[in-house]
Amino acid sequence: MKSKTKPKLCSFRDTDKADVESEAVRSSLDWRLLEYLATDKDELKASILNDWRYRDFYIRYQEYVERWRP
């Protein structure tokens, strides 16, 4: 997984959403690592500043997994 993927998943910008939904990114993902990074709160503390942002991120992350995970 590219190091920019997690911050892009945490972003609200449409351009970041388009980036993480691209075939190139999806096909290169390490889904187990992404799951760890997305669900381990210690990992996310470095990227997300508060509980509200985490909840918002996690909802978008679940939608991403449901739509794109092989």
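Above this text sits the structure in question.
How each quantity is defined
Residues numbered from 1 in each chain as written. Predicted model: local features only at pLDDT ≥ 70, side-chain atom pairs only at ≥ 80, totals over all residues. Heavy atoms only, no water. Helix = DSSP H or I, 4+ residues; strand = E, 2+ residues; numbered from the N terminus. Buried < 20%, exposed > 50% of the residue type's maximum accessible area, 1.4 Å probe, protein only. Contact = heavy atoms within 4.5 Å. Salt bridge = Lys/Arg side-chain N within 4 Å of Asp/Glu carboxyl O. Arc of directions from axis to C-beta. Polar contact = N/O pair within 3.5 Å; in protein donor to acceptor, adjacent residues only side chain to side chain.

## Observations concerning the overall build of the protein chain
- Along the protein chain, the regular secondary structure elements total six helices and zero strands.
- Each helix and strand of the protein chain, placed in order from N terminus to C terminus, yields the pattern α-α-α-α-α-α.
- By residue count, 30% of the 70 residues in the protein chain fall in the buried class.
- In the protein chain, 66% of the contacts between residues at least 6 apart in sequence involve partners at least 24 apart.

## Examining the pattern of salt bridges
- Per the stated rule, a full pass over the model turns up three salt bridges.
- Between Glu21 and Arg67 there is a salt bridge, with the nearest N and O atoms lying 3.7 Å from each other. Of this pair, Glu21 sits in the loop between helix 2 (14-20) and helix 3 (23-28) while Arg67 is found in helix 6 (residues 51-68), placing the two residues 46 residues apart along the sequence.

## Concerning helix 4 (residues 31-39)
- Restricting attention to buried positions, one finds in helix 4 the residues Trp31, Leu34, Leu37 and Ala38. Projection of helix 4 onto a plane perpendicular to its axis shows the buried side chains occupying an angular sector of 125 degrees, all on one side.
- Its side-chain oxygen placed 3.2 Å from the backbone nitrogen of Arg32, Asp30 serves as the N-cap of helix 4.

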